[in-house]
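# Structural overview for review
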Amino acid sequence: MKKERILEIKNLHACIDNISVIKGMNLQVNYGEIHAIMGKNGSGKSTLAKIIAGHPSYQITKGDILFDGETITKKDPADRSHEGIFLAFQYPVEIPGVSNIDFLRLAYNSQRKAKQERSLDPISFFELLSSKIKLIDMNENFLQRNVNEGFSGGEKKKNEILQMALLDSKLSVLDETDSGLDIDALKTISNSINLLKNDNKAIIIITHYQRILDYIRPDFIHIMQDGKIVHTGNAELAIQLEKYGYEYINSKQING
């Protein structure tokens, strides 16, 4: 049985401040799949994540992005989020004066409103959120603290995964979620991501390193270079990259 496609990027070109950053990007992701995107600094990985989420600083000059078969290239970030796209930031921002629980309830009820569903009252929401917190092994004390304020790197990344679990998005794009994590935090977050994956969702992991892929096994690994994918392989590709570096990809291209 053929898997249903959730995301298709077709010959995408994009720029920022008239500088071309994505140069003929093609990518297909099906429901139930995990895709990893790797590449050197400046290859366009994080840029791609922002463009999928609808970052307003980037202008699409050519090509298309299809989500569930419909183009989203002109939709704003809020609409994309309500339709089921989630972006976990590489550098989660601090929001002084806003408690984590208020932020999460606003985000969750905003999503429900977009689906013409009733908002959850504070008590019902707390019950829902408590179940998600247990899933990712996070201390409930974080709910009363201001969003990411004073959080360690690992705590900020856990908070991103808590949002992912709560919003239950169809497509989650994780932009270098493993950066700045010690081994224990990496294992905890990886385990949470594995618990959240299912056949009704898809995940894109953007990373520099193999180590997160030791815990989350992707169906495909794509290598980006100069704003486009230049090579695709299976989970074993990460091992080769760790061993030989990106010259391994160049040799594969040369040798066909």
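Residues numbered from 1 in each chain as written. Predicted model: local features only at pLDDT ≥ 70, side-chain atom pairs only at ≥ 80, totals over all residues. Heavy atoms only, no water.

So, on to the sheet that holds strand β11 (residues 220-225). The strands that make up a sheet are held in pairs by hydrogen bonds between backbone atoms, and each pair lies either parallel or antiparallel. Within the open sheet, the six strands sit side by side as β6-β9-β10-β3-β11-β12. Their pairing is mixed. Of all the strands in the sheet, the pair left with one neighbour each is β6 (85-88) and β12 (228-233). Neighbour-to-neighbour, the strand axes of this sheet turn through a mean angle of 20°, independent of strand direction. Where strand β3 (residues 34-38) lies against β11, four bridges are found, and the strand directions are parallel. In the strand pairing of β11, A36 is matched with I221. Along the sheet, helix α1 (residues 45-53) contacts β3, β6, β9 (171-175), β10 (202-206) and β11; its crossing angle with β9, the most-contacted strand, is approximately 145°. (Pairing = 2+ DSSP bridges. Helix = DSSP H or I, 4+ residues; strand = E, 2+ residues; numbered from the N terminus. Axes fitted to C-alpha atoms, helices over the stretch in contact; angles between N-to-C directions. Contact = heavy atoms within 4.5 Å.)

Turning to the packing of helix α3 (residues 100-114) against helix α4 (residues 122-135), a few remarks are in order. It is at 11 Å that the axes of α3 and α4 come closest, and there the two elements cross at 100°. By the criterion of interaxial angle, the relationship of α3 to α4 is roughly perpendicular. From α3, I101, L104, R105 and Y108 reach across to α4, where they touch P122, F125, F126, L128 and L129. Taken together, the residues that form the contact of α3 with α4 break down as eight nonpolar, no polar and one charged. (Parallel < 35°, antiparallel > 145°, perpendicular 65-115°, else oblique. Nonpolar A, V, L, I, M, F, W, Y, C, P; charged D, E, K, R; others polar.)

Pairing in this open sheet of four strands is antiparallel, and the strands run β2-β1-β4-β5 from one edge to the other. With partners counted over all chains shown, the strands left at the sheet margins are β2 (19-30) and β5 (70-71), one partner each. As paired strands, strand β1 (residues 5-16) and β2 are joined by nine bridges and run antiparallel to one another. Opposite C15, over in β2, you have S20 as the bridge partner.

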